Amino acid sequence: MLPRKPTQLDPRIPWFAEVRCLLSPMSGVTDRPFREVCRDFGADMGFCEFTSASGLYYANESTWKLIDTEGEAGRVGIQIFGSDPEHMAAAARLLRERRMDVLDINFGCPAKKVVRRCGGSALLADVPRLARIVQQVVEAAAPVPVSAKFRTGWDGASLNYAEVGRLLQETGCVWVTLHGRTRAQKYTGRADWDTIAGLVELLDMPVVGNGDVVDGDSYRRLVAHTRCHGVM
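Computed from a prediction, not measured in an experiment: that's the story for all the values here.

**A closer look at the packing of helix H4 (residues 85–95) against helix H6 (residues 127–141)**
At a minimum axis separation of 8 Å, H4 and H6 run at an interaxial angle of 20 degrees. Considering their axes alone, H4 and H6 lie roughly parallel with respect to each other. Considering only the axes of H4 and H6, their crossing is right-handed. Counting all contacts with H4, which are made through Pro85, Glu86, Met88, Ala89, Ala92 and Arg93, the residues of H6 involved are Arg132, Ile133, Gln136, Val137, Ala140 and Ala141. In terms of residue class, the contact of H4 with H6 is made up of 8 nonpolar, 1 polar and 3 charged.

**Here's the deal with the nonpolar core**
Across soluble globular proteins, you tend to see nonpolar side chains buried next to one another. With 51 residues, the main nonpolar core has Leu95, Leu103, Ile105, Phe107, Leu130, Phe150 and Leu168 as its most contacted residues. For this core, the element with the highest residue contribution is H6, accounting for 9 residues. In this structure isoleucine 105 touches Gln79, Ile80, Met88, Ile133, Val134, Val137, Val146, Ser147, Ala148 and Lys149, once residues within four positions along its chain are discounted. One finds Trp15, Val19, Val102 and Val174 within the second-largest nonpolar core, a separate group that totals 12 residues.

**A closer look at the side chain of arginine 39**
Summarising the element assignment, arginine 39 is placed in helix H1 (residues 32–40). Under the relative-accessibility criterion, arginine 39 is labelled buried at 18%. If we ignore the near neighbours within four places in the chain, the residues touching arginine 39 are Gly46, Glu72, Ala73, Gly74, Arg75 and Val76.

Reading the values: rules and limits
Residues numbered from 1 in each chain as written. Predicted model: local features only at pLDDT ≥ 70, side-chain atom pairs only at ≥ 80, totals over all residues. Heavy atoms only, no water. Axes fitted to C-alpha atoms, helices over the stretch in contact; angles between N-to-C directions. Helix = DSSP H or I, 4+ residues; strand = E, 2+ residues; numbered from the N terminus. Parallel < 35°, antiparallel > 145°, perpendicular 65-115°, else oblique. Left-handed = near helix turned anticlockwise from the far one by under 90°. Contact = heavy atoms within 4.5 Å. Nonpolar A, V, L, I, M, F, W, Y, C, P; charged D, E, K, R; others polar. Core = buried A, V, L, I, M, F, W, Y, C linked by side-chain atoms within 4.5 Å. Buried < 20%, exposed > 50% of the residue type's maximum accessible area, 1.4 Å probe, protein only.

Next comes the structure, spelled out in structure tokens:
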């Protein structure tokens, strides 16, 4: 057994104690057939493709088609992104009746088309707005549990993952996923696993590690290095 830090689980997610390998929500990739294949090969939890909250709010048909979870076997989450707290909260309310085990908020996407609309990792440079989004989504989604995925900061000069992690815990998230890169890095260079280890030690809730895990060996090395609850 790999050593992991003991954590406090929200009463709504006792099942998360057994979740170790999570499939990242990836645009154009993690549709339902892909999730089912990944479960066959050991994924404990899948996620839909990440979805625009404003698209859901405005009843965009193609956006709603991404939420294809009805009747799905196994643990599954839905991830939303956006910059408008009202739209994010409205999307959370609309999604409450959908099949999901958790609603995840995307604060990590580095793509230009998301960032230029102040979504994804852009919110790491606007923590007050990020806080408003989390507060409103947690309230609107209840009783559905809410988690969040984020990066270490906007760039190397503004690493604020500890501040953001504490905020997410204090505002009611049930776990967080940290990608050990800044937005400026996108997917270049190496993920800084020390930041994940630091967040694991800082928080009481589960921390999921993300970044540069490509096989069983890198999975084991990340968990051994950080004592994280699981790996995405």
